[in-house]
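Observations on the three-dimensional arrangement
The primary structure of each chain is shown beneath.
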Amino acid sequence: MKLTDEEQAILLGEGGRGAQKAMEILVALGKIYRAFDMVPVQSAQIAGVSYRNIGDPGVEFLADWVQLGAKVAIPAFMNPAGIDRKLWKQMGVDAPFAKKQMKIISHLEKMNIEPTLTCTPYHIGHVPQFGEHIAWSESSAVSFANSVLGARTNREGGPSALAAAIVGRTPRFGLHLDENRLASHHITVKTRLSSPADYGALGYWIGKQVGGGIPYIEGLAEMNGSLEVTEYLKALGAAMAASGAVALYHIQDVTPEAVNSGHQLLKKDHIKIRVEQLNDAYQELKKSGDKLDLVALGCPHHSLEEIRAVAQTVAGRKFKVEFWITTSYQIRQSAAAEGWVQLIESAGGKVISDTCMVVAPLKEAGFNHIAVNSAKAACYLPSHQGAVTYWGTTEQCIQAAIEGKWKF
Ligand code: F3S
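The written sequence of each chain sets the order in which its residues are numbered from 1. Restriction of local features to residues with pLDDT of at least 70 applies here, the model being predicted, together with a cutoff of 80 or more for giving and counting side-chain atom pairs; totals for whole chains, interfaces and linings are based on all residues. The side-chain numbers reported here are obtained from all heavy atoms of the structure, hydrogens and water having been left aside.

Here helix α7 (residues 196-210) crosses helix α8 (residues 229-243) at 30 degrees, and the two axes come no closer than 7 Å. In terms of their interaxial angle, α7 and α8 are classed as roughly parallel. Between α7 and α8 lies a crossing of right-handed hand. In this structure, α7 contributes P196, Y199, G200, L202, G203, Y204, I206, G207 and K208 to the contact, and α8 contributes E231, Y232, A235, L236, A239, M240 and S243. When the residues that make up the contact of α7 with α8 are grouped by side-chain class, the tally is 10 nonpolar, four polar and two charged. To obtain an axis, a line is fitted to C-alpha atoms, over the contacting stretch when the element is a helix, and the angle between two such axes runs from 0 to 180 degrees between their N-to-C directions. Working definition: helices are DSSP H or I runs of at least four residues, strands are E runs of at least two. Numbering for both runs from the N terminus. Small angles under 35 degrees read as roughly parallel and large ones over 145 as roughly antiparallel, with 65 to 115 read as roughly perpendicular and the rest as oblique. Each crossing gets its handedness from the near helix: less than a right angle anticlockwise from the far helix is left-handed, clockwise is right-handed. By definition in these notes, contact holds between two residues if any of their heavy atoms fall within 4.5 Å. Residue type decides the class: Asp, Glu, Lys and Arg count as charged, Ala, Val, Leu, Ile, Met, Phe, Trp, Tyr, Cys and Pro as nonpolar, and the leftover types, Gly among them, as polar.

Written out as structure tokens, the structure is:
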């Protein structure tokens, strides 16, 4: 692998043992993927923050980096943790878990990684430019950055994103290269979609069809005129990344690379698929049963606009079961300044920041029947939390919280 003089010097230890170890990891990765050289990256989003996911070995892994004096060289920020740093007791989390979680955040902060604790960093100012190379790791954030913003990132693991943050580079392979951003599947959508739930169902279905491929989707241009276009793209991309491993998609006349290049993005040997209806996806995602412990919205983390819409819907109502919206603490602060957090709390709900329904210890906190409006969360909750999971529209989730049962 070709390294610059500066990269070679880091590899020889001139930048300290932390940077040397990071470069060793990246060079090993580059060799596996036959990268010709390194590419400078402008930001890194670090996953593997929740204590529930990484456990004690993860805490020790991060402690080792701190011990080596590792510091990030570029803007780097954290994916959600297992707790809301302020409201963890109200979430039902126990003190030993919270203590370990705070240790993880502290280790990452010592390396100068910003405790954004969100999977939607693009809602709080971390918005990569078109064509910018980055090293992000949470799957829905990777999908949004690649597809909607036209930035370039592989789906990094926590350690590789951390290594990239420390040396400000990543091996140039995969989605950093033009030729690997071409579409393997041409999807023609022949049905009308009108809600984030519809887009989530479509994403779920496409992800199952294309696996790790890159879909070029036609028939969704009408979303351009919608006020909810960002919500639609978030729901679509998150679901595709969960039911498949889609890190990049193109939508004709909507996403930037498709706007620029159109059908030239299709590989010569692409596979053609038509979507006539979403009933199959809806049937697979829907579960029956009425027992309900928690309604959880905010996967991916909600924007200010999404919180406003929920707050105005629930104003003056009362929930019979736990109702959460998950978001970043910055968005929560802005929502509180607008009075929207208070409206949700008056209804008996909580606006939870720093964490989400998939990476928090919900099973341990006694939540076994959970309703969500996210196809991604509906994919993950049964395996990650062992929970009976109901999936529906935002309106159905709110109605269920008010009635205290799932009846859809
Ligand atoms: Fe984000 Fe958690 Fe969903 S990290 S995309 S809210 S699973």
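On we go.
The next point concerns unusual backbone geometry. With an omega of -5 degrees, the peptide bond between C299 and P300 qualifies as cis. Of note in this structure, R34 is not a glycine but carries a positive phi near 55 degrees. Among the secondary structure elements, R34 is positioned in the loop between α2 (17-32) and β1 (38-40). Unusually for a residue other than glycine, N112 sits at a positive phi of about 70 degrees. Looking at where N112 falls in the secondary structure, it is placed in the loop between α4 (95-110) and β4 (135-136).

Moving on to α4. Taking 1.5 Å per residue, 16 residues should reach 22 Å; α4 reaches 22 Å between its end C-alpha atoms and fits that length. Inspection of α4 places F97, A98, Q101, I104, I105, H107 and L108 among the buried residues, and these make up the whole buried set. For α4, the secondary structure elements touched by its buried residues are α3 (51-67) and β3 (76-78). Nitrogen and oxygen atoms within 3.5 Å of one another constitute a polar contact, given that in protein one can donate a hydrogen and the other can accept it, and given that sequence-neighbouring residues count only through two side-chain atoms. Two to three positions downstream of the cap, the backbone nitrogen of F97 sits 3.1 Å from a side-chain oxygen, assigning the N-cap of α4 to D94. The first or second residue beyond α4 is N112, which carries a positive phi of 70 degrees. Here the expected span of a helix is defined as 1.5 Å times the quantity of residues minus one. Throughout this description, buried means an accessible area under 20% of the type-specific maximum (1.4 Å probe, protein chains only), exposed means over 50%, and partly exposed covers the range between.

As a further point, take α2. When the terminal C-alpha atoms of α2 are compared, their 23 Å separation across 16 residues agrees well with the 22 Å that a helix rising 1.5 Å per residue should span. Taken as a whole, α2 has its buried residues at G18, A19, Q20, A22, M23, L26, V27, L29 and G30. Those residues of α2 that are buried lie in contact with α1 (5-11), β1, α3, α6 (158-167) and β5 (169-171). Looking one or two residues beyond α2, the residue adopting positive phi is R34, at roughly 55 degrees.

Our focus in this paragraph is the site of the ligand. It suffices for a single heavy atom of a residue to lie within 4 Å of a molecule or strand for the residue to be listed as near it. Neighbouring the ligand are P80, C119, E138, S140, G298, C299, P300, C356, V358 and K376. Its residues assigned to classes, the shell around the ligand comprises six nonpolar, two polar and two charged. Boundaries of every domain are those given by an automatic assignment or by a domain database. Of the domains in this structure, domain 1 (5-178) and domain 3 (287-403) are the two that each give at least three residues to the shell around the ligand.

One can find Y380 in helix α14 (residues 375-385). Through-space distance from the C-alpha of Y380 to that of P171 is 30 Å; in sequence the pair is 209 residues apart. With residues near it in sequence (within four places) discarded, Y380 still touches R155, A241, A242, V358 and Q385.

A few words now on the packing of aromatic side chains. For any pair of aromatic rings, the description consists of the separation of the ring centres together with the inter-plane angle of the planes. Pairing of aromatic rings covers Phe, Tyr and Trp, the last through its six-membered ring, and needs centres within 6.5 Å; plane angles under 30 degrees mean stacked, over 60 mean edge-to-face, and all others mean tilted. On inspection of all chains with the given rule, the structure shows 11 aromatic pairs. Between the aromatic rings of Y51 and F97, the centroid separation amounts to 5.4 Å while the plane-to-plane angle is 75 degrees, which identifies the pairing as edge-to-face. Here Y51, found in helix α3, pairs with F97, found in helix α4; they are 46 residues apart in sequence, far enough to count as distant. What makes Y51 buried here is its relative accessible area of 16%. By relative accessible area, F97 is classed as buried at 11%. Relative to W391, the ring of Y282 lies with its centre 4.9 Å away and its plane at 55 degrees, an arrangement referred to as tilted. Of this pair, Y282 sits in helix α10 (residues 279-285) while W391 sits in strand β14 (residues 388-391); the two residues are 109 residues apart in sequence, bridging distant segments of the chain.

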